[in-house]
Amino acid sequence: MAKHSKDAVKQEIQELAIGNYKSYPADYEEAPAAVSQNIQSLAKGYWDSREFKEVTRDEQLGIHLEDYQHWTKEAYDAFTKANQQSMN
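Residues numbered from 1 in each chain as written. Predicted model: local features only at pLDDT ≥ 70, side-chain atom pairs only at ≥ 80, totals over all residues. Heavy atoms only, no water.

Think of an α-helix as turning once every 3.6 residues; residues three or four places apart then point the same way. Between the first and last C-alpha of helix α1 (residues 6–23) there are 26 Å, a value that for 18 residues agrees with the 26 Å anticipated at 1.5 Å per step. For α1, the set of buried residues is V9, I13, Q14, A17, N20 and Y21. Projected down its long axis, α1 shows its buried positions confined to an angular sector of 130°, all on one face. Among the exposed residues of α1, those pointing more than 90 degrees away from its buried face are D7, E15, K22 and S23. (Helix = DSSP H or I, 4+ residues; strand = E, 2+ residues; numbered from the N terminus. Expected span 1.5 Å × (residues − 1). Buried < 20%, exposed > 50% of the residue type's maximum accessible area, 1.4 Å probe, protein only. Arc of directions from axis to C-beta.)

Right, let's get into the pattern of salt bridges. Considering all chains together, one arrives at five salt bridges under this definition. Linking R50 and D58 is a salt bridge whose minimum nitrogen-to-oxygen distance equals 2.9 Å. One salt bridge connects K73 with D77, and the closest N-O pair in it is separated by 2.7 Å. You can see K73 and its partner D77 sitting in helix α4 (residues 65–87), four residues apart, about one turn around the helix. (Salt bridge = Lys/Arg side-chain N within 4 Å of Asp/Glu carboxyl O.)

In a regular helix each residue adds 1.5 Å, so 17 residues correspond to 24 Å; helix α2 (residues 32–48) covers 24 Å between its end C-alpha atoms and thus fits that length. Turning to α2, its buried residues number three or more, namely V35, I39, L42, A43, Y46 and W47. Seen along its axis, α2 keeps its buried residues to an arc of 140°; they face one direction. The exposed residues of α2 that point more than 90 degrees off its buried face are A33 and Q37.

A word on the packing of aromatic side chains. By the definition in use, this model includes six aromatic pairs. An angle of 70° between the planes, with centres 4.6 Å apart, marks the rings of Y21 and Y28 as edge-to-face. For Y21, a relative accessible area of 0% corresponds to the buried category. On the basis of an interplanar angle of 45° and a centroid distance of 5.7 Å, the ring pair of Y21 and F79 is categorised as tilted. Pair noted here: Y21 is in helix α1 and F79 is in helix α4, with a separation of 58 residues, a long-range link. Assigned by exposure class, Y21 and F79 land together as buried. Against the face of W47 rests R50, its NZ or CZ located 3.4 Å from the ring centre. (Phe/Tyr/Trp six-rings, centres within 6.5 Å; stacked < 30°, edge-to-face > 60°. Lys NZ or Arg CZ within 6 Å of the ring centre and 35° of its normal.)

See below:
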């Protein structure tokens, strides 16, 4: 994740999240509370697994854990909307 803008980091996190949603759909088809917890856990995993250069980049760009959480939630919303449309 050697991106140098907040939007680029957001896009990369959302692409990773959507890949996860596609790979593990059962984790995101449960009760809303469980889905929310799984999304938050996914964001925390991305946050905790950053390399030193990514931590430095995030600090320079003013990116926080809450951003990762928000972005993974946005990605989930887009993913479910796209899946609902493809089923219609």
